[in-house]
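Chain by chain, the residues run as shown.
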Amino acid sequence: MSSVKPSVYVTRRVPLPGKEILATECNVTQWDQDDPVPRDELLRQVKGKDGIFCLLTEKIDEELILAAGPQLKVVGTMSVGYDHVDLAACKKHNIKVGFTPGVLTNAVAELTVALLLTTSRRLKEAMAEVVNGGWGTWKPLWLCGQGLDGATVGIVGLGRIGLTVGKCLKPFAVQKFLYSDAFENPGAAEIDAQRVPLDELLANSDFVLACCALTPETREMFNKDVFKKMKKNAIFINTSRGGVVQQDDLYDALKSGEIGAAGLDVTVPEPLPTNSPLLTLNNCVILPHIASATDKSRSSMSELTARNILAALNGEKMPTQVRI
Ligand code: DGY
């Protein structure tokens, strides 16, 4: 690095390690609030910066890159997903992009399992009954759900997170894992998962888990045609991005009994408006995009984002760089 310290803009209040690491070598300015920086302010603040530390809520596009200026060298997003970053624009302007794979895998897998169990064992309804007086005596037919024992679990997108979810679920006596992905994952052998065409996965799975990235190919891939191909009692879980689901079609599928239930950690938009029809359904459990929200994981994400930015500014190999 030259004797003049580079400058980095941090777009939010983030776990401390990231900011501390950056501050050792850079001049850091920050939007020190829990809510996102307004776009106008963001465009003003990035002017003249060498690096940007952003979150999945900031659209990193050509307008922003031009607002920053030609000295901008790196964008580090504190997320594993980078669908909010225009990679073509970054490539065109020779800007490196860092992301945070690995450090949140276990947290996201854990939350995926929690969401799956909450949905399949009808915990939302059960907890409500305790509070609203609906809990009478013990009844053999009341609040029965689906267990994982003997089930077939279909994982759409068997990357780091999908595979870890599979490993977490295996001890629940799952009978079979299927996965659909553009590529073979050699790790699939660890859970005896079989790669099959999507239609075969949909027709045979009791649980369908969306663990794929949001790309032009996966955008709204879970639509009415796909829900029709699922089993009538299928439970659909999404902890990837809301954009992979056609939400009106999901509502219709849940309402009409085309599928059994859904558990979502991600929606479009976020936050989901409180008058969303999905919130009227007992067979739909929705969480506010908290899959990676453990102290450990968020702290590691912040640290890795800072290390990516510093490495790029120093002309060194970034720990986790997006290939563009
Ligand atoms: C990510 O990192 O992309 C998650 O969605 C947020 O933790």
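Scoring rules and cut-offs
- Residues numbered from 1 in each chain as written.
- Predicted model: local features only at pLDDT ≥ 70, side-chain atom pairs only at ≥ 80, totals over all residues.
- Heavy atoms only, no water.
- Near = heavy atom within 4 Å.
- Polar contact = N/O pair within 3.5 Å; in protein donor to acceptor, adjacent residues only side chain to side chain.
- Areas by Shrake-Rupley, 256 points an atom, 1.4 Å probe, with all protein chains shown as cover.
- Nonpolar A, V, L, I, M, F, W, Y, C, P; charged D, E, K, R; others polar.
- Buried < 20%, exposed > 50% of the residue type's maximum accessible area, 1.4 Å probe, protein only.
- Helix = DSSP H or I, 4+ residues; strand = E, 2+ residues; numbered from the N terminus.
- Pairing = 2+ DSSP bridges.
- Right-handed = clockwise from strand over helix to strand, strands pointing away.
- Axes fitted to C-alpha atoms, helices over the stretch in contact; angles between N-to-C directions.
- Parallel < 35°, antiparallel > 145°, perpendicular 65-115°, else oblique.
- Left-handed = near helix turned anticlockwise from the far one by under 90°.
- Contact = heavy atoms within 4.5 Å.
- Disulfide = S-S within 2.5 Å.
- Core = buried A, V, L, I, M, F, W, Y, C linked by side-chain atoms within 4.5 Å.
- Domains from an automatic or database assignment.
- Buried area = accessible area lost by both parts, 1.4 Å probe.
- Expected span 1.5 Å × (residues − 1).

### Notes on the site of the ligand
Neighbouring the ligand are L56, S79, V80, G81, L104, R241, H289, S292 and M301. V80 has a polar backbone atom sitting 2.7 Å from an oxygen atom of the ligand. Take G81: an N or O atom from its main chain is 2.9 Å from an oxygen atom of the ligand. Considered on its own, the ligand offers 230 Å² of accessible surface; in the complex 92% of this is hidden by protein. Of the residues contributing to the shell around the ligand, the split by class is 4 nonpolar, 4 polar and 1 charged.

### A closer look at the pairing of strand β7 (residues 176-180)
In terms of burial, β7 is largely enclosed, as 4 of its 5 residues are buried. With 5 bridges connecting them, strand β6 (residues 152-156) and β7 associate as parallel partners. By the bridge assignment for β7, V156 is matched with S180. Taking the sense of rotation as the criterion, the β-α-β connection linking β6, helix α7 (residues 160-169) and β7 turns out right-handed. Bridging between β7 and strand β8 (residues 193-195) involves 3 bridges; their strand directions are parallel. Note that in β8 the partner of F177 across the bridge is A193.

### Observations concerning the packing of helix α5 (residues 105-120) against α7
For the pair α5 and α7, interaxial distance at closest approach is 9 Å and the crossing angle is 55°. One element, α5, and the other, α7, form an angle in the oblique class. With respect to the hand of their crossing, α5 and α7 are arranged in right-handed fashion. Two secondary-structure elements touch here, α5 through T105, N106, V108, A109, T112, V113 and L116 and α7 through R160, I161, T164, V165, C168 and L169. Of the residues assigned to the contact of α5 with α7, the class counts are 8 nonpolar, 4 polar and 1 charged.

### A short note on the state of the cysteines
What the rule picks out here adds up to 0 disulfides. The cysteine C26 is free of any disulfide, with C54 supplying the nearest cysteine sulfur at 15 Å. Free of any disulfide, C212 has its nearest cysteine sulfur in C211, 7.6 Å distant. Look at C212 and you get buried, because its relative accessible area is 9%.

### Concerning the nonpolar core
In terms of nonpolar packing, the biggest core is built from 48 residues, with F53, V153, I155, L169 and L209 touching the most fellow members. The dominant element in this core, judged by the number of residues it contributes, is helix α11 (residues 295-313), at 7 residues. Both domains that meet at this core, namely domain 1 (7-101 + 295-313) and domain 2 (105-286), each give it at least three residues. Every residue in contact with L169, bar those within four places of it in the chain, is listed here: V113, L116, L148, V153, V174, F177 and L209. In this structure, L178, L214, Y251 and L264 belong to the second largest nonpolar core, which totals 28 residues.

### Examining the sheet that holds β6
A sheet is described by the order of its strands in space; here 7 strands give the open sequence β8-β7-β6-β9-β10-β11-β12, paired in parallel fashion. Each having just a single partner strand, β8 and β12 (284-286) make up the two edges of the open sheet. Between one strand axis and the next, the sheet turns through 15° on average, direction left out of account.

### Some thoughts on the domain arrangement of the protein
Splitting the protein by domain gives domain 1 (7-101 + 295-313) and domain 2 (105-286). For domain 1 and domain 2, the distance between their C-alpha centroids amounts to 32 Å. If you look at the interface, domain 1 gives 7 residues, while domain 2 gives 5 residues. Overall, the association of domain 1 and domain 2 removes approximately 480 Å² of surface from exposure, summing both partners, and the carbon and sulfur fraction of that is 56%. By the criterion of area lost to domain 2, the three top residues of domain 1 are L56, D83 and P101, representing 66% of everything that side buries.

### Remarks on unusual backbone geometry
Cis geometry marks the peptide bond from V268 to P269; its omega dihedral reads -5°. Residue E270 is joined to P271 through a cis peptide bond whose omega torsion reads 0°. Look at R122: it is not a glycine, yet its phi comes out positive at around 55°. When you line up the elements, R122 lands in the loop between α5 and α6 (123-132). What makes R122 partly exposed here is its relative accessible area of 27%.

### Structural notes on α11
Helix length check: α11, at 19 residues, gives a terminal C-alpha distance of 27 Å against a target of 27 Å (1.5 Å per residue), a fit within 8%. Those residues of α11 that fall on the buried side of the exposure criterion are S297, M301, S302, L304, T305, A306, N308, I309, L310, A311, A312 and L313. In the core, the buried residues of α11 are packed alongside β1 (7-10), α1 (16-23), β3 (51-54), β4 (74-77), β5 (96-98) and α5. Backbone geometry just after α11 places G315 at a positive phi near 70°.

### Some details on the side chain of D50
Among the structural elements, D50 can be located in the loop between α2 (39-45) and β3. On the accessibility criterion, D50 (13% relative accessible area) is buried. D50 has contacts with P6, S7, Q71, L72, K73, V74 and L313, leaving out every residue within four places of it along the chain.

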